[in-house]
Amino acid sequence: MGETLERWSTRRAFILAVTGAAVGLGNIWRFPYMTGENGGAAFLVLYVAFVITLGLPVMMAEILIGRAGRRSPMQSLAHLAREAGATPHWRWLGLFGGITVFFILSFYSVVAGWSIEYLIDSANGNFAGLSPQEVGANFDAFLADPLRMTFNHTLFLLLTMSVVAAGVSGGLEKLNNLLMPLLYLLLLILAIYATTTDGFGAAMAWLFKPDPSAITGTVVLNAMGHAFFTLALGACALMAYGAYMPEEQSLPRAVVAVAILDVTVALLAGIAIFSVVFSQGMDPGEGPGLMFVTLPIAFAQLPGGSLWLSIFFLLLLLATWTSSINLTEPMVATLQDAGLKRGHATAVIGALVWAAGMLSVLSFSTMAEVHWIGEMNFFDLVTTVPTDIFLPVGGALIAIFAAWVMSQETAQQALGVDAKGFRLWQSLVRYVSIPLVVIVLISDLF
Ligand code: PFF
(Lines give C-alpha, C1' and ligand atoms only; values in the text may rest on other atoms or scores of the structure.)
Protein backbone atom coordinates (compact mmCIF):
# COMPACT_ATOMS: atom_id res chain seq x y z
CA MET A 1 0.00 0.00 0.00
CA GLY A 2 1.25 3.49 -0.84
CA GLU A 3 1.60 6.66 1.16
CA THR A 4 -1.41 8.28 2.74
CA LEU A 5 -2.28 11.72 1.46
CA GLU A 6 -4.43 12.54 4.44
CA ARG A 7 -3.11 15.33 6.72
CA TRP A 8 -4.23 16.99 9.91
CA SER A 9 -5.94 20.14 8.71
CA THR A 10 -3.71 22.58 10.62
CA ARG A 11 -0.58 22.53 12.78
CA ARG A 12 -2.69 23.17 15.80
CA ALA A 13 -4.78 20.14 14.95
CA PHE A 14 -1.73 17.89 15.06
CA ILE A 15 -0.59 19.24 18.42
CA LEU A 16 -4.09 18.94 19.79
CA ALA A 17 -4.44 15.38 18.55
CA VAL A 18 -1.17 14.34 20.15
CA THR A 19 -2.09 16.20 23.34
CA GLY A 20 -5.43 14.42 23.23
CA ALA A 21 -3.58 11.11 23.14
CA ALA A 22 -1.20 12.14 25.89
CA VAL A 23 -3.57 13.78 28.36
CA GLY A 24 -5.95 11.30 29.88
CA LEU A 25 -6.36 9.03 32.87
CA GLY A 26 -2.58 8.80 33.03
CA ASN A 27 -2.31 12.39 34.23
CA ILE A 28 -5.29 12.71 36.50
CA TRP A 29 -5.89 9.18 37.77
CA ARG A 30 -2.60 7.28 37.38
CA PHE A 31 -0.03 9.98 38.14
CA PRO A 32 -1.38 10.84 41.61
CA TYR A 33 -1.77 7.28 42.81
CA MET A 34 1.61 6.21 41.43
CA THR A 35 3.22 9.20 43.12
CA GLY A 36 1.41 8.23 46.29
CA GLU A 37 2.61 4.64 46.13
CA ASN A 38 6.17 5.49 45.13
CA GLY A 39 7.39 7.92 47.71
CA GLY A 40 6.06 11.28 46.47
CA ALA A 41 8.64 13.78 45.25
CA ALA A 42 11.28 11.12 44.57
CA PHE A 43 8.94 9.61 42.01
CA LEU A 44 8.04 12.99 40.57
CA VAL A 45 11.68 14.00 40.07
CA LEU A 46 12.50 10.72 38.34
CA TYR A 47 9.41 10.94 36.20
CA VAL A 48 10.24 14.46 35.01
CA ALA A 49 13.85 13.43 34.38
CA PHE A 50 12.64 10.51 32.25
CA VAL A 51 10.25 12.75 30.32
CA ILE A 52 13.21 14.96 29.39
CA THR A 53 15.86 12.32 28.68
CA LEU A 54 13.61 9.64 27.19
CA GLY A 55 10.22 11.11 26.53
CA LEU A 56 11.18 14.02 24.31
CA PRO A 57 13.80 12.31 22.08
CA VAL A 58 11.89 9.03 21.76
CA MET A 59 8.65 10.83 21.03
CA MET A 60 10.40 12.61 18.18
CA ALA A 61 11.71 9.22 17.01
CA GLU A 62 8.28 7.63 17.07
CA ILE A 63 6.49 10.43 15.27
CA LEU A 64 9.22 10.89 12.67
CA ILE A 65 8.95 7.24 11.67
CA GLY A 66 5.25 7.72 11.00
CA ARG A 67 5.86 10.96 9.19
CA ALA A 68 8.59 9.47 7.00
CA GLY A 69 6.63 6.30 6.28
CA ARG A 70 3.20 7.92 5.79
CA ARG A 71 1.61 4.49 6.27
CA SER A 72 0.27 2.36 9.09
CA PRO A 73 2.94 1.62 11.74
CA MET A 74 3.70 -1.90 10.46
CA GLN A 75 3.96 -0.74 6.86
CA SER A 76 5.95 2.38 7.67
CA LEU A 77 8.50 0.27 9.54
CA ALA A 78 8.75 -2.30 6.75
CA HIS A 79 9.00 0.37 4.06
CA LEU A 80 11.68 2.42 5.82
CA ALA A 81 13.64 -0.72 6.71
CA ARG A 82 13.64 -1.85 3.09
CA GLU A 83 14.67 1.62 1.94
CA ALA A 84 17.70 1.39 4.25
CA GLY A 85 18.56 -2.16 3.20
CA ALA A 86 17.52 -3.61 6.59
CA THR A 87 15.15 -6.49 7.22
CA PRO A 88 11.45 -5.70 6.82
CA HIS A 89 10.85 -7.88 9.89
CA TRP A 90 11.01 -4.59 11.76
CA ARG A 91 7.31 -4.48 10.92
CA TRP A 92 6.62 -6.82 13.86
CA LEU A 93 7.42 -3.94 16.16
CA GLY A 94 4.09 -2.52 15.02
CA LEU A 95 2.36 -5.72 16.08
CA PHE A 96 4.09 -5.59 19.46
CA GLY A 97 2.72 -2.07 19.86
CA GLY A 98 -0.72 -3.40 18.97
CA ILE A 99 -0.49 -6.05 21.69
CA THR A 100 0.66 -3.48 24.23
CA VAL A 101 -2.18 -1.07 23.55
CA PHE A 102 -4.62 -3.97 23.60
CA PHE A 103 -3.88 -4.68 27.25
CA ILE A 104 -3.70 -1.01 28.17
CA LEU A 105 -7.03 -0.24 26.58
CA SER A 106 -8.62 -3.21 28.34
CA PHE A 107 -8.15 -1.66 31.78
CA TYR A 108 -8.31 1.94 30.57
CA SER A 109 -11.87 1.38 29.47
CA VAL A 110 -12.79 -0.11 32.84
CA VAL A 111 -11.43 2.89 34.70
CA ALA A 112 -13.14 5.19 32.21
CA GLY A 113 -16.29 3.33 33.24
CA TRP A 114 -15.65 4.39 36.83
CA SER A 115 -15.63 7.99 35.60
CA ILE A 116 -18.99 7.44 33.91
CA GLU A 117 -20.39 6.19 37.20
CA TYR A 118 -18.99 9.23 39.00
CA LEU A 119 -20.31 11.59 36.36
CA ILE A 120 -23.81 10.26 36.85
CA ASP A 121 -23.52 10.11 40.62
CA SER A 122 -22.26 13.65 40.91
CA ALA A 123 -24.82 15.01 38.46
CA ASN A 124 -27.46 13.48 40.72
CA GLY A 125 -25.87 15.14 43.73
CA ASN A 126 -25.16 11.78 45.34
CA PHE A 127 -21.95 12.98 46.93
CA ALA A 128 -23.46 16.03 48.57
CA GLY A 129 -23.06 15.98 52.33
CA LEU A 130 -21.14 12.69 52.45
CA SER A 131 -18.30 12.37 54.93
CA PRO A 132 -14.88 11.35 53.51
CA GLN A 133 -15.42 7.88 55.03
CA GLU A 134 -18.75 7.55 53.25
CA VAL A 135 -17.19 8.59 49.94
CA GLY A 136 -14.60 5.85 50.40
CA ALA A 137 -17.22 3.26 51.33
CA ASN A 138 -19.27 4.25 48.28
CA PHE A 139 -16.33 3.59 46.00
CA ASP A 140 -15.69 0.17 47.53
CA ALA A 141 -19.35 -0.76 47.14
CA PHE A 142 -19.21 0.25 43.49
CA LEU A 143 -16.10 -1.85 42.84
CA ALA A 144 -17.84 -4.85 44.36
CA ASP A 145 -20.71 -4.52 41.87
CA PRO A 146 -19.57 -6.20 38.63
CA LEU A 147 -22.85 -5.50 36.84
CA ARG A 148 -22.58 -1.72 37.09
CA MET A 149 -18.93 -1.84 36.18
CA THR A 150 -19.65 -4.05 33.17
CA PHE A 151 -22.35 -1.70 31.94
CA ASN A 152 -20.05 1.34 32.11
CA HIS A 153 -17.07 -0.44 30.58
CA THR A 154 -19.28 -1.59 27.69
CA LEU A 155 -20.72 1.85 27.17
CA PHE A 156 -17.30 3.47 27.09
CA LEU A 157 -15.94 0.99 24.55
CA LEU A 158 -18.95 1.51 22.31
CA LEU A 159 -18.35 5.26 22.40
CA THR A 160 -14.69 4.81 21.52
CA MET A 161 -15.18 2.28 18.78
CA SER A 162 -17.87 4.28 17.04
CA VAL A 163 -15.53 7.26 16.62
CA VAL A 164 -12.69 5.02 15.45
CA ALA A 165 -14.90 3.24 12.93
CA ALA A 166 -15.77 6.61 11.41
CA GLY A 167 -12.10 7.42 10.60
CA VAL A 168 -9.32 9.36 12.34
CA SER A 169 -9.19 13.04 11.72
CA GLY A 170 -12.86 14.00 11.33
CA GLY A 171 -14.60 13.85 14.68
CA LEU A 172 -11.46 13.84 16.74
CA GLU A 173 -10.00 17.22 15.85
CA LYS A 174 -13.12 19.11 16.75
CA LEU A 175 -13.54 17.36 20.05
CA ASN A 176 -9.95 18.13 21.02
CA ASN A 177 -10.16 21.71 19.93
CA LEU A 178 -13.10 22.35 22.12
CA LEU A 179 -12.44 20.64 25.38
CA MET A 180 -8.81 20.48 26.40
CA PRO A 181 -8.62 24.11 27.56
CA LEU A 182 -11.69 23.68 29.72
CA LEU A 183 -10.30 20.68 31.54
CA TYR A 184 -7.10 22.61 32.12
CA LEU A 185 -9.02 25.53 33.54
CA LEU A 186 -10.97 23.40 35.98
CA LEU A 187 -7.79 21.75 37.23
CA LEU A 188 -6.24 25.16 37.65
CA ILE A 189 -9.20 26.32 39.74
CA LEU A 190 -8.95 23.20 41.89
CA ALA A 191 -5.23 23.66 42.39
CA ILE A 192 -5.69 27.32 43.31
CA TYR A 193 -8.43 26.38 45.71
CA ALA A 194 -6.10 23.79 47.22
CA THR A 195 -3.75 26.57 48.35
CA THR A 196 -6.40 27.62 50.87
CA THR A 197 -6.75 24.18 52.46
CA ASP A 198 -4.95 22.81 55.54
CA GLY A 199 -3.24 20.06 53.61
CA PHE A 200 -1.63 22.33 51.01
CA GLY A 201 1.72 22.70 52.76
CA ALA A 202 2.06 18.99 53.36
CA ALA A 203 0.99 18.28 49.78
CA MET A 204 3.66 20.60 48.41
CA ALA A 205 6.33 19.01 50.58
CA TRP A 206 5.17 15.53 49.56
CA LEU A 207 5.28 16.47 45.88
CA PHE A 208 8.34 18.68 45.69
CA LYS A 209 10.74 17.80 48.53
CA PRO A 210 12.34 14.57 47.43
CA ASP A 211 13.44 12.00 49.98
CA PRO A 212 16.37 10.23 48.28
CA SER A 213 15.96 7.19 50.51
CA ALA A 214 12.57 6.58 48.89
CA ILE A 215 14.25 5.75 45.58
CA THR A 216 14.30 2.01 44.95
CA GLY A 217 14.62 -0.07 41.78
CA THR A 218 10.85 -0.38 41.60
CA VAL A 219 10.36 3.36 41.95
CA VAL A 220 12.78 3.98 39.07
CA LEU A 221 11.05 1.39 36.89
CA ASN A 222 7.61 2.78 37.71
CA ALA A 223 8.71 6.34 36.96
CA MET A 224 10.13 5.30 33.61
CA GLY A 225 7.00 3.33 32.73
CA HIS A 226 4.82 6.23 33.70
CA ALA A 227 6.80 8.66 31.55
CA PHE A 228 6.08 6.46 28.54
CA PHE A 229 2.47 5.92 29.51
CA THR A 230 1.59 9.53 30.05
CA LEU A 231 3.16 10.59 26.74
CA ALA A 232 1.37 7.75 24.91
CA LEU A 233 4.80 6.57 23.88
CA GLY A 234 6.30 3.22 22.93
CA ALA A 235 3.27 1.52 21.42
CA CYS A 236 3.42 2.92 17.86
CA ALA A 237 0.23 4.81 18.64
CA LEU A 238 1.84 8.20 18.02
CA MET A 239 3.56 6.73 14.98
CA ALA A 240 0.09 6.21 13.54
CA TYR A 241 -0.70 9.90 14.12
CA GLY A 242 2.65 11.02 12.71
CA ALA A 243 1.62 9.65 9.32
CA TYR A 244 -0.85 12.51 8.99
CA MET A 245 1.49 15.26 10.15
CA PRO A 246 1.73 18.24 7.77
CA GLU A 247 5.06 18.57 5.91
CA GLU A 248 5.94 22.06 7.03
CA GLN A 249 5.38 21.65 10.78
CA SER A 250 8.28 21.60 13.26
CA LEU A 251 8.30 18.23 15.01
CA PRO A 252 10.60 19.09 17.94
CA ARG A 253 8.57 22.16 18.80
CA ALA A 254 5.31 20.21 18.71
CA VAL A 255 6.76 17.50 20.94
CA VAL A 256 8.05 19.95 23.53
CA ALA A 257 4.68 21.71 23.61
CA VAL A 258 2.85 18.46 24.20
CA ALA A 259 5.21 17.31 26.94
CA ILE A 260 4.90 20.61 28.82
CA LEU A 261 1.12 20.50 28.62
CA ASP A 262 1.07 16.90 29.70
CA VAL A 263 3.30 17.36 32.72
CA THR A 264 1.47 20.47 33.91
CA VAL A 265 -1.86 18.68 33.83
CA ALA A 266 -0.39 15.95 36.02
CA LEU A 267 1.12 18.49 38.43
CA LEU A 268 -2.14 20.40 38.79
CA ALA A 269 -4.01 17.15 39.45
CA GLY A 270 -1.34 16.13 41.96
CA ILE A 271 -1.58 19.41 43.86
CA ALA A 272 -5.37 19.23 44.00
CA ILE A 273 -5.51 15.59 45.04
CA PHE A 274 -2.72 15.54 47.62
CA SER A 275 -4.05 18.65 49.32
CA VAL A 276 -7.20 16.66 50.02
CA VAL A 277 -5.19 13.63 51.08
CA PHE A 278 -3.29 15.63 53.66
CA SER A 279 -6.21 17.78 54.77
CA GLN A 280 -8.20 14.65 55.52
CA GLY A 281 -5.36 12.61 56.99
CA MET A 282 -5.71 10.00 54.25
CA ASP A 283 -3.05 7.56 53.05
CA PRO A 284 -1.22 8.82 49.91
CA GLY A 285 -0.57 5.20 48.98
CA GLU A 286 -4.29 4.46 48.75
CA GLY A 287 -3.84 3.01 45.24
CA PRO A 288 -5.99 3.19 42.09
CA GLY A 289 -8.99 4.49 44.03
CA LEU A 290 -7.18 7.67 45.11
CA MET A 291 -8.73 10.07 42.60
CA PHE A 292 -12.21 8.68 43.06
CA VAL A 293 -12.12 9.16 46.78
CA THR A 294 -10.38 12.54 46.94
CA LEU A 295 -12.07 14.54 44.17
CA PRO A 296 -15.63 14.26 45.49
CA ILE A 297 -14.28 15.51 48.83
CA ALA A 298 -12.38 18.38 47.19
CA PHE A 299 -15.34 19.58 45.16
CA ALA A 300 -17.77 19.21 48.06
CA GLN A 301 -16.02 22.17 49.69
CA LEU A 302 -16.54 24.45 46.70
CA PRO A 303 -19.76 26.35 46.09
CA GLY A 304 -21.87 24.42 43.57
CA GLY A 305 -19.61 21.43 44.20
CA SER A 306 -21.80 18.72 42.67
CA LEU A 307 -22.19 20.62 39.43
CA TRP A 308 -18.45 21.26 39.13
CA LEU A 309 -17.66 17.68 40.00
CA SER A 310 -19.91 16.40 37.24
CA ILE A 311 -18.40 18.85 34.75
CA PHE A 312 -14.97 17.68 35.82
CA PHE A 313 -15.83 14.03 35.25
CA LEU A 314 -17.39 14.88 31.92
CA LEU A 315 -14.20 16.60 30.76
CA LEU A 316 -12.03 13.84 32.16
CA LEU A 317 -14.13 11.34 30.23
CA LEU A 318 -13.62 13.26 27.03
CA ALA A 319 -9.87 13.39 27.62
CA THR A 320 -9.98 9.66 28.32
CA TRP A 321 -11.97 9.16 25.16
CA THR A 322 -9.39 10.87 22.93
CA SER A 323 -6.63 8.77 24.54
CA SER A 324 -8.63 5.60 23.96
CA ILE A 325 -9.12 6.48 20.34
CA ASN A 326 -5.38 6.79 20.04
CA LEU A 327 -4.92 3.47 21.82
CA THR A 328 -7.25 1.81 19.34
CA GLU A 329 -5.70 3.27 16.21
CA PRO A 330 -2.58 1.04 15.92
CA MET A 331 -4.69 -2.10 16.34
CA VAL A 332 -7.19 -1.05 13.69
CA ALA A 333 -4.40 -0.05 11.32
CA THR A 334 -2.81 -3.49 11.79
CA LEU A 335 -6.02 -5.36 11.01
CA GLN A 336 -6.68 -3.10 8.05
CA ASP A 337 -3.26 -4.04 6.72
CA ALA A 338 -4.33 -7.66 7.05
CA GLY A 339 -7.19 -6.86 4.68
CA LEU A 340 -10.14 -6.10 6.99
CA LYS A 341 -12.45 -3.15 6.39
CA ARG A 342 -12.16 -0.36 8.94
CA GLY A 343 -15.59 -1.03 10.43
CA HIS A 344 -14.98 -4.76 10.76
CA ALA A 345 -11.52 -4.25 12.20
CA THR A 346 -12.95 -1.92 14.82
CA ALA A 347 -15.71 -4.38 15.74
CA VAL A 348 -13.28 -7.28 16.15
CA ILE A 349 -10.97 -5.22 18.33
CA GLY A 350 -13.82 -3.79 20.37
CA ALA A 351 -15.08 -7.29 21.14
CA LEU A 352 -11.65 -8.62 22.13
CA VAL A 353 -10.82 -5.62 24.30
CA TRP A 354 -14.21 -5.90 25.95
CA ALA A 355 -13.56 -9.54 26.86
CA ALA A 356 -10.11 -8.75 28.29
CA GLY A 357 -11.59 -5.80 30.16
CA MET A 358 -14.09 -8.11 31.82
CA LEU A 359 -11.19 -9.84 33.56
CA SER A 360 -10.32 -6.46 35.07
CA VAL A 361 -13.94 -5.83 36.04
CA LEU A 362 -14.07 -9.14 37.87
CA SER A 363 -10.71 -8.50 39.55
CA PHE A 364 -12.61 -6.46 42.12
CA SER A 365 -15.12 -9.15 42.98
CA THR A 366 -15.28 -12.80 41.88
CA MET A 367 -11.73 -12.95 40.57
CA ALA A 368 -10.07 -10.79 43.19
CA GLU A 369 -8.08 -13.70 44.54
CA VAL A 370 -7.16 -15.22 41.19
CA HIS A 371 -3.43 -14.51 41.00
CA TRP A 372 -1.74 -14.49 37.60
CA ILE A 373 1.84 -13.66 38.50
CA GLY A 374 2.96 -13.58 42.13
CA GLU A 375 0.29 -11.80 44.13
CA MET A 376 -1.16 -9.94 41.17
CA ASN A 377 -4.74 -10.35 40.05
CA PHE A 378 -5.61 -9.49 36.47
CA PHE A 379 -6.15 -5.78 37.07
CA ASP A 380 -2.86 -5.51 38.97
CA LEU A 381 -1.12 -7.31 36.14
CA VAL A 382 -2.46 -5.26 33.23
CA THR A 383 -1.98 -1.96 35.01
CA THR A 384 1.72 -2.67 35.56
CA VAL A 385 3.46 -5.03 33.11
CA PRO A 386 2.34 -3.51 29.77
CA THR A 387 3.17 -0.02 31.05
CA ASP A 388 6.40 -0.68 32.93
CA ILE A 389 7.89 -3.30 30.61
CA PHE A 390 6.21 -3.33 27.18
CA LEU A 391 6.14 0.43 26.59
CA PRO A 392 9.83 0.97 27.45
CA VAL A 393 10.87 -2.07 25.38
CA GLY A 394 8.77 -0.81 22.47
CA GLY A 395 10.14 2.71 22.94
CA ALA A 396 13.74 1.49 22.93
CA LEU A 397 13.16 -0.51 19.73
CA ILE A 398 11.48 2.48 18.11
CA ALA A 399 14.48 4.62 19.10
CA ILE A 400 16.93 2.05 17.75
CA PHE A 401 15.04 1.96 14.49
CA ALA A 402 14.93 5.73 14.11
CA ALA A 403 18.51 6.52 15.12
CA TRP A 404 20.40 3.43 13.88
CA VAL A 405 18.39 1.44 11.33
CA MET A 406 16.46 3.72 8.99
CA SER A 407 18.16 6.05 6.52
CA GLN A 408 19.47 8.95 8.56
CA GLU A 409 18.83 11.38 5.71
CA THR A 410 15.19 10.37 5.72
CA ALA A 411 15.13 10.69 9.49
CA GLN A 412 16.58 14.17 9.37
CA GLN A 413 14.07 15.24 6.78
CA ALA A 414 11.15 13.88 8.79
CA LEU A 415 12.43 15.49 11.97
CA GLY A 416 12.67 18.74 10.03
CA VAL A 417 15.85 20.18 11.58
CA ASP A 418 19.26 21.28 10.31
CA ALA A 419 22.36 19.06 10.47
CA LYS A 420 23.41 20.36 13.88
CA GLY A 421 19.98 19.84 15.42
CA PHE A 422 19.83 16.40 13.93
CA ARG A 423 23.18 15.38 15.38
CA LEU A 424 22.04 16.55 18.80
CA TRP A 425 18.87 14.46 18.61
CA GLN A 426 20.72 11.48 17.20
CA SER A 427 23.38 11.50 19.91
CA LEU A 428 20.77 11.92 22.63
CA VAL A 429 18.82 8.94 21.37
CA ARG A 430 21.85 6.76 20.65
CA TYR A 431 23.90 7.44 23.74
CA VAL A 432 21.42 8.53 26.38
CA SER A 433 17.86 7.32 25.77
CA ILE A 434 18.50 3.81 24.49
CA PRO A 435 21.19 2.89 27.07
CA LEU A 436 19.04 4.36 29.85
CA VAL A 437 16.04 2.15 29.05
CA VAL A 438 18.26 -0.90 28.74
CA ILE A 439 20.02 -0.21 32.04
CA VAL A 440 16.79 0.39 33.97
CA LEU A 441 15.12 -2.72 32.54
CA ILE A 442 18.12 -4.98 33.09
CA SER A 443 18.85 -3.74 36.58
CA ASP A 444 15.22 -4.36 37.47
CA LEU A 445 15.43 -7.90 36.11
CA PHE A 446 18.22 -8.74 38.55
N1 PFF B 1 -1.27 8.84 27.50
C2 PFF B 1 -2.51 8.28 27.96
C3 PFF B 1 -2.78 8.79 29.36
O4 PFF B 1 -1.89 9.40 29.99
O5 PFF B 1 -3.87 8.60 29.86
C6 PFF B 1 -2.50 6.77 27.92
C7 PFF B 1 -1.94 6.15 26.66
C8 PFF B 1 -2.46 6.50 25.41
C9 PFF B 1 -0.90 5.24 26.74
C10 PFF B 1 -1.92 5.93 24.26
C11 PFF B 1 -0.37 4.66 25.61
C12 PFF B 1 -0.88 5.02 24.36
F13 PFF B 1 -0.39 4.47 23.30
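Model, not experiment: these values are computed from the prediction.

Each value, and the rule that gives it
- Residues numbered from 1 in each chain as written.
- Predicted model: local features only at pLDDT ≥ 70, side-chain atom pairs only at ≥ 80, totals over all residues.
- Heavy atoms only, no water.
- Helix = DSSP H or I, 4+ residues; strand = E, 2+ residues; numbered from the N terminus.
- Rg over C-alpha atoms; globule rule 2.2 N^0.38 Å.
- Contact = heavy atoms within 4.5 Å.
- Near = heavy atom within 4 Å.
- Polar contact = N/O pair within 3.5 Å; in protein donor to acceptor, adjacent residues only side chain to side chain.
- Nonpolar A, V, L, I, M, F, W, Y, C, P; charged D, E, K, R; others polar.
- Salt bridge = Lys/Arg side-chain N within 4 Å of Asp/Glu carboxyl O.
- Buried < 20%, exposed > 50% of the residue type's maximum accessible area, 1.4 Å probe, protein only.
- Patch = residues over 30% accessible without salt bridge, like charges linked within 9 Å, V, L, I, M, F, W, Y side chains within 5 Å.
- Areas by Shrake-Rupley, 256 points an atom, 1.4 Å probe, with all protein chains shown as cover.
- Core = buried A, V, L, I, M, F, W, Y, C linked by side-chain atoms within 4.5 Å.
- Phe/Tyr/Trp six-rings, centres within 6.5 Å; stacked < 30°, edge-to-face > 60°.
- Lys NZ or Arg CZ within 6 Å of the ring centre and 35° of its normal.
- Bend = angle between axes of the 7 residues up to and from the residue.

1. Considerations on the overall build of the protein
The secondary structure content of the protein amounts to 18 helices and zero strands. Here the protein has a C-alpha radius of gyration of 21 Å; the compact-globule value for 446 residues is 22 Å, and the two agree. Considered along the principal axes of its C-alpha atoms, the protein spans approximately 65 × 50 × 45 Å. Of the contacts made within the protein by residues no fewer than 6 positions apart, 82% connect residues no fewer than 24 positions apart.

2. Description of the site of the ligand
Residues in close proximity to the ligand total 16 residues, the closest being A21, A22, G26, Y108 and F229. Note that an oxygen atom of the ligand is positioned 2.9 Å from one of the backbone N or O atoms of A22. L25 is positioned such that a nitrogen or oxygen atom in its backbone is 3.1 Å from an oxygen atom of the ligand. Those elements giving two or more residues to the shell around the ligand turn out to be helix 1 (11-22), helix 2 (25-37), helix 5 (92-123), helix 10 (217-230) and helix 14 (305-337). Considered class by class, the residues forming the shell around the ligand number ten nonpolar, six polar and no charged.

3. Focus: the pattern of salt bridges
Tallying each qualifying case throughout the model produces five salt bridges. The residue E247 makes a salt bridge to R70 at a minimum N-O spacing of 3.5 Å. In this pair, E247 is assigned in the loop between helix 11 (237-242) and helix 12 (251-279) and R70 in the loop between helix 3 (41-69) and helix 4 (73-83), connecting sequence segments 177 residues apart. In this structure R70 comes out as buried when scored by relative accessible area, which is 5%.

4. What to know about helix 13 (residues 290-300)
Since the α-helix packs 3.6 residues into each turn, any two residues three or four apart lie on the same face. Of all eleven residues making up helix 13, ten are buried, and the element is well covered by its neighbours. Three or more residues of helix 13 are buried, namely L290, M291, F292, V293, T294, L295, P296, I297, A298 and F299.

5. Describing unusual backbone geometry
With phi around 55°, R70 is a residue other than glycine that occupies positive phi space. The phi dihedral of C236 is positive, around 65°, even though this residue is not glycine. Mapped onto the elements, C236 comes out in the loop between helix 10 and helix 11. Look at C236 and you get buried, because its relative accessible area is 0%.

6. Examining the side chain of T346
Here T346 lies in helix 15 (residues 342-362). Here T346 falls in the buried class, since its relative accessible area comes to 2%. Dropping the residues within four chain positions of it, T346 is found in contact with M161, V164, A165 and V332.

7. Notes on a nonpolar patch on the surface
On the surface, a cluster of nonpolar side chains totalling about 430 Å² of accessible area is made up of L182, L185, L188, I189 and I192. You can see L188 is positioned in helix 8 (residues 169-194). Given the relative accessible area of 35%, L188 is considered partly exposed.

8. Overview of the nonpolar core
Of all hydrophobic cores here, the largest spans 154 residues; its most connected members are W29, Y47, I65, W114 and W425. Beyond its immediate chain neighbours, meaning those up to four positions away, I65 contacts S76, L77, L80, M239, I398, F401, A402 and M406.

9. Remarks on the environment of A319
Here A319 is to be found in helix 14. With near-sequence residues (within four places) excluded, A319 lies in contact with G20, V23, G24, M180 and L183.

10. Regarding the side chain of T387
Within the secondary structure, T387 is located in helix 16 (residues 378-405). You can call T387 buried: its relative accessible area is 0%. Filtering out sequence-adjacent residues up to four positions away, T387 remains in contact with R30, I104, G225, H226, F229 and P392.

11. A word on the packing of aromatic side chains
How two aromatic rings sit relative to each other is given by the distance of their centres and the angle of their planes. With the rule as written, the count across this model stands at 29 aromatic pairs. Between F31 and Y47 the ring centres are 5.4 Å apart and the planes differ by 40°, which places this aromatic pair in the tilted class. Residue F31 is located in helix 2, and its partner Y47 is located in helix 3; the two are separated by 16 residues in the primary sequence. For the pair formed by F31 and Y47, the shared burial category is buried. Directly above the ring of F229 sits R30, whose terminal nitrogen or CZ lies 5.1 Å from the centroid. Sitting over the face of the ring of W404, R430 holds its NZ or CZ atom 3.8 Å from the ring centroid.

12. Considerations on the environment of M245
Along the chain, M245 turns up in the loop between helix 11 and helix 12. The spacing of M245 and F14 is 231 residues in sequence and 6.4 Å in space, taken between C-alpha atoms.

13. Observations concerning helix 16
The largest bend in helix 16 comes to about 35°, at P386. The distance from a side-chain oxygen at the start of helix 16 to the backbone nitrogen of F379 is 3.1 Å, and the residue carrying that oxygen is N377.

14. Regarding the environment of M224
Tracing the backbone shows M224 in helix 10. Sequence separation of M224 and V48 is 176 residues, and the distance between their C-alpha atoms is 9.3 Å. When residues no more than four places from it in sequence are discounted, the contact partners of M224 are F50, L54, P392, V437, V440 and L441.

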